[in-house]
Amino acid sequence: MPHAAPASKRRRLIRLLLWGLGLAGLALCMWQTAQVAREQALQSLRQDAENELRLSAAGLTGHLSRHDYLPELLASREAVKRFLASPDSQDPMPLNRLLDRFRATADVSDIYLLDHHADTLAASNWHRPDTFIGQNYRYRRYYQEAIAGRNGRFFGLGVQSGERGYYFSAPVWLDETAPDARPDGVMVLKVLLNAVEDSWAEQDAELLVTGRDGVIFLASQPALRLTAMKPLGEAQRVALRASRRYGDEPLPPSGLREIEHRDERTRLVGFAQGPLAGQPYFSLTRPMPAFDWHMHILKPLTPVISAQWVSALLAGGLYGLVALGGGIGWQRLRLRRERERFAERERRTLARARDELERNVANRTRDLVATNRRLSDEIEERRRAEQSLRETRDELVQAAKLAVLGQLAAGINHELNQPLAAIRAYAENARAFIARSRAEAADANLGQIVELTGRMAEISAQLRQFSRKSGDTLTAVSVQSCFDYALRLFQARLSEGAIHIERRWPEQTAWVRADPVRLEQVLVNLIGNALQALAETSSPHLTLAIETTSERVSIEVADNGPGIPEDHLARIFEPFFTTKSTGSGLGLGLSISGRIIDDLGGRLEARNAPGGGARFTITLPRDSGPDGKRAQAKEQSHHA
Ligand code: ADP
């Protein structure tokens, strides 16, 4: 099949293409949905982060700001000013105690007083070994700002404690009224930030606070504290070391890397190492200008990712459903189209079969018509053949009659010659008597002549009757009179041969429905055959019998001649079967007789009689006789 291979190949290619398109569509749909879901999740995450960040920033601001008035307040205290006026001549202990009291009340880390050289004169931690007293903080920003006449702020590691703190400072004036007065000292307050960080630990987000230098100063995650957001350059390190803000801390890189920059304040980040590694975060930044800080919140991207996946899977499922529906619809469409095609094919096949059938029927009809015509022709031919057969048979019957006539001729000859000779003798006698004028004697002789001519006329009439052709109409025929007629034909031979004739028939006339001429002919044949058979018999005996039942009449002609040899019995009805010499038999008599009896609706049978001789039996339907007919006819006309 050279066409099938490329067709199926093309179909497979199309199916592959469709699958590819479907899968690409699925991927696109899932990706697009995931993108949208991600954007939405990021939006809501951003909102949450924004809120949390604002709150946390507010918390931190609150935590620190409530102390920023305190240095100024303390700076204005008389005791402070008095001490600062002549520190060397006074006992610092009262001031130390005062500062410690304030520290405890305000719940801050430390409070201390610097002179205008930045040397620490008094401190709340006067009693601790690492006390600030005697330390110089000239390098600190809070000192520099305050000595310049402003309130100062600073964050950094404590030089003594190494702890992270926020510092508030205020200038101390002995005399503020002078126009060009310069501060005489600086009051400093240090707040520790651990408590704020601790409060962040409960949140499910990470909080970071960075300085302008990018160092993470505060972090909810301890490992991130005092690390650099971005790795620090050498110049930066040198500058930081100089500022001593972070003491000798190594400030390693935090490991944070930006995954995606979204805008000024938001980005997605991850960590290369540390406890936050292995997970992406959404990062939102908020400036805290009052503290020169930036606060960052890092929220895990987990909800975004799961929203992304859930939406993608949902979209995929929906796409699958739609595709499945589409596929099923398409399949059904294809199936229907296939079914229609099949039905069309079926219809065409049926139509073809019907056409063929019609053609066959037409052919068959033509054949049948031809056969019918042939049959009618044959019937016609047979009818003609039967007609000619009938004619031939009639001719044969006639011929057989003539044959019988031939047989009879001898007898007839004798029959006619004898009276002729007698008539001649009587006539000569009459002439002799007339010559002698013996009128009576002459009259007696003439009387004999009249009688003899009458007898001759009778014989002639009988012969005429025998040779006449039969009619086609059947009438009621008396079997007895038929026998009488036949016997009369053979009268001469019968008297000659001294044949004893036994008539075994009833008084009452036996009527059969027949053509009298033909029935007579049959009887003449049978009697003729019997007489021929009896020619050599010593005491010849001929039996003629009639028996009637309600339906039938059986007629029997039997002789005591030699009979018929067994092997001839089956053949004697065949035409031209004869055992007689040429001239005395044609072999037609029995065959014609059989046909005649058949035509009359009867049967002709031959047998050998038990006591020797042949016995022929004719069986014919019985007839009610001419009276019955007449009675019936009368009855019918009466009814009419
Ligand atoms: P045919 O008398 O001309 O021979 P049939 O047809 O009348 O022809 O008879 C056929 C044959 O049947 C006869 O030749 C004879 O052998 C046999 N046959 C007929 N009638 C008798 C009979 N009564 N007795 C013995 N043989 C007979």
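In the nomenclature of an unreviewed UniProt entry, the chain is known as C4-dicarboxylate transport sensor protein DctB of Halomonas stenophila. The UniProt entry for the chain carries the following text under Subcellular location (unreviewed entry): "Cell inner membrane". According to its UniProt record, the chain has this under Catalytic activity (unreviewed entry): "ATP + protein L-histidine = ADP + protein N-phospho-L-histidine."

### Some remarks on the site of the ligand
In the neighbourhood of the ligand, 19 residues make up the surrounding shell, with N529, D559, T578, T579 and K580 lying closest. In the model, an oxygen atom of the ligand is placed 3.5 Å from a nitrogen or oxygen of the G589 main chain. L590 is positioned with one of its backbone polar atoms (N or O) 2.9 Å from an oxygen atom of the ligand. Contact with the protein chains covers 93% of the free accessible surface of the ligand, which is 530 Å². Elements supplying a minimum of two residues to the shell around the ligand: helix 12 (516-533), helix 14 (589-599) and strand 18 (614-621).

### Re the confidence of the model for the chain
In low-pLDDT regions, the fine details of the predicted coordinates are not to be read closely. When the pLDDT values of the chain are averaged, the result is 88; 92% of them are 70 or greater. Predicted confidence for residues 630-640 stays below pLDDT 50, and this span has zero contacts to residues more than four positions away or in other chains.

### Topic: unusual backbone geometry
At L226, a residue that is not glycine, the phi angle is positive and equals roughly 55°. Along the polypeptide, L226 turns up in the loop between strand 7 (216-219) and helix 7 (234-243). By relative accessible area, which is 10% here, L226 ends up buried. Phi at L251 is positive, roughly 50°, even though this residue is not glycine. A relative accessible area of 4% means that L251 is categorised as buried.

### As for the packing of helix 12 against helix 14
Where helix 12 meets helix 14, the closest approach of the two axes is 10 Å, and the angle between their N-to-C directions is 145°. Between helix 12 and helix 14 the crossing geometry is left-handed. Each of R518, L519, Q521, V522, N525, L526 and N529 in helix 12 lies in contact with helix 14, whose residues at this interface are G589, L590, I592, S593, I596 and I597. Among the residues forming the contact of helix 12 with helix 14, the class breakdown is seven nonpolar, five polar and one charged.

### Brief notes about the sheet that holds strand 3 (residues 152-157)
Pairing within the open sheet is antiparallel, and its five strands lie in the order 2-1-5-4-3. Both edges of this open sheet fall to strand 2 (120-123) and strand 3, since each of them pairs with a single strand only. Averaged over all neighbouring strand pairs, the angle between strand axes comes to 25°, with direction disregarded. Inspection of the sheet shows strand 3 paired to strand 4 (residues 164-172) by six bridges, in the antiparallel sense. Across the sheet, G152 pairs through a bridge with S169, a residue of strand 4. Lying on the sheet, helix 3 (residues 78-85) is in contact with strand 1 (110-115), strand 2, strand 4 and strand 5 (185-192); it crosses strand 1 at an angle near 40°. Of the strands in this sheet, strand 1, strand 2 and strand 5 touch helix 4 (residues 93-106), which is tilted by about 140° from strand 1.

### Thoughts on helix 12
Between its first and last C-alpha atoms helix 12 spans 25 Å; for 18 residues at 1.5 Å apiece the expected length is 26 Å, and the two agree. For helix 12, the tally of buried residues reaches 14 of 18 residues, placing the bulk of the element in the interior.

### Remarks on the nonpolar core
Counting 57 residues, the largest nonpolar core has L60, L64, I111, M187 and W293 as the members making the most contacts within it. The element contributing the most residues to this core is helix 1 (residues 4-65), with eight residues. In contact with I111, not counting residues within four places along its chain, are L70, L74, L99, F102, R103, A123, S124, M187, V188 and L189. If you look at the next biggest cluster of nonpolar residues, it comprises 46 residues, including V397, L542, I555 and I564.

### Section: the side chain of T210
Inspection of the secondary structure puts T210 in strand 6 (residues 206-210). Here H296 takes part through its side chain, which lies 2.8 Å from a polar atom of the side chain of T210. T210 has contacts with V215, I216, F217, M229, D292, W293, H294 and H296, leaving out every residue within four places of it along the chain.

### Focus on the sheet that holds strand 15 (residues 541-548)
Here we have five strands laid out as an open sheet, ordered 13-15-16-18-17, and mixed in their pairing. Where the open sheet ends on each side, the last strands, each with one partner, are strand 13 (500-504) and strand 17 (603-608). Strand-to-strand twist of the sheet, defined as the mean angle between neighbouring strand axes without regard to direction, takes the value 15°. With seven bridges connecting them, strand 16 (residues 552-559) and strand 18 associate as antiparallel partners. What sits directly across from S554, in strand 18, is T619. Against the sheet, helix 14 engages strand 17 and strand 18, with an angle of about 135° to strand 17.

### So, the environment of Q35
You can see Q35 is positioned in helix 1. A residue is classified by how much of its surface remains accessible, and Q35, at 26% relative accessible area, is partly exposed. Between the C-alpha atom of Q35 and that of A312, which follows or precedes it by 277 residues, the distance is 8.7 Å.

### Observations concerning the packing of aromatic side chains
In this structure the tally under the stated criterion is 21 aromatic pairs. Between the aromatic rings of Y112 and F132, the centroid separation amounts to 4.7 Å while the plane-to-plane angle is 80°, which identifies the pairing as edge-to-face. Of this pair, Y112 sits in strand 1 while F132 sits in the loop between strand 2 and helix 5 (141-147), placing them 20 residues apart in sequence. Neither Y112 nor F132 differs from the other in exposure class; each is buried. Taken together, a centroid distance of 6.5 Å and an interplanar angle of 45° make the contact between Y137 and Y142 tilted. For Y142, a relative accessible area of 0% corresponds to the buried category. Here R244 stacks its cationic end above the ring of Y139, 4.1 Å away from the centre of that ring. Residue placement shows R245 over the ring face of F155; its charged tip is 4.0 Å from the ring centre.

Criteria and thresholds
Residues numbered from 1 in each chain as written. Predicted model: local features only at pLDDT ≥ 70, side-chain atom pairs only at ≥ 80, totals over all residues. Heavy atoms only, no water. UniProt positions renumbered as here; feature names shortened; annotations may be inferred. Near = heavy atom within 4 Å. Polar contact = N/O pair within 3.5 Å; in protein donor to acceptor, adjacent residues only side chain to side chain. Areas by Shrake-Rupley, 256 points an atom, 1.4 Å probe, with all protein chains shown as cover. Helix = DSSP H or I, 4+ residues; strand = E, 2+ residues; numbered from the N terminus. pLDDT = per-residue confidence, 0-100. Contact = heavy atoms within 4.5 Å. Buried < 20%, exposed > 50% of the residue type's maximum accessible area, 1.4 Å probe, protein only. Axes fitted to C-alpha atoms, helices over the stretch in contact; angles between N-to-C directions. Left-handed = near helix turned anticlockwise from the far one by under 90°. Nonpolar A, V, L, I, M, F, W, Y, C, P; charged D, E, K, R; others polar. Pairing = 2+ DSSP bridges. Expected span 1.5 Å × (residues − 1). Core = buried A, V, L, I, M, F, W, Y, C linked by side-chain atoms within 4.5 Å. Phe/Tyr/Trp six-rings, centres within 6.5 Å; stacked < 30°, edge-to-face > 60°. Lys NZ or Arg CZ within 6 Å of the ring centre and 35° of its normal.

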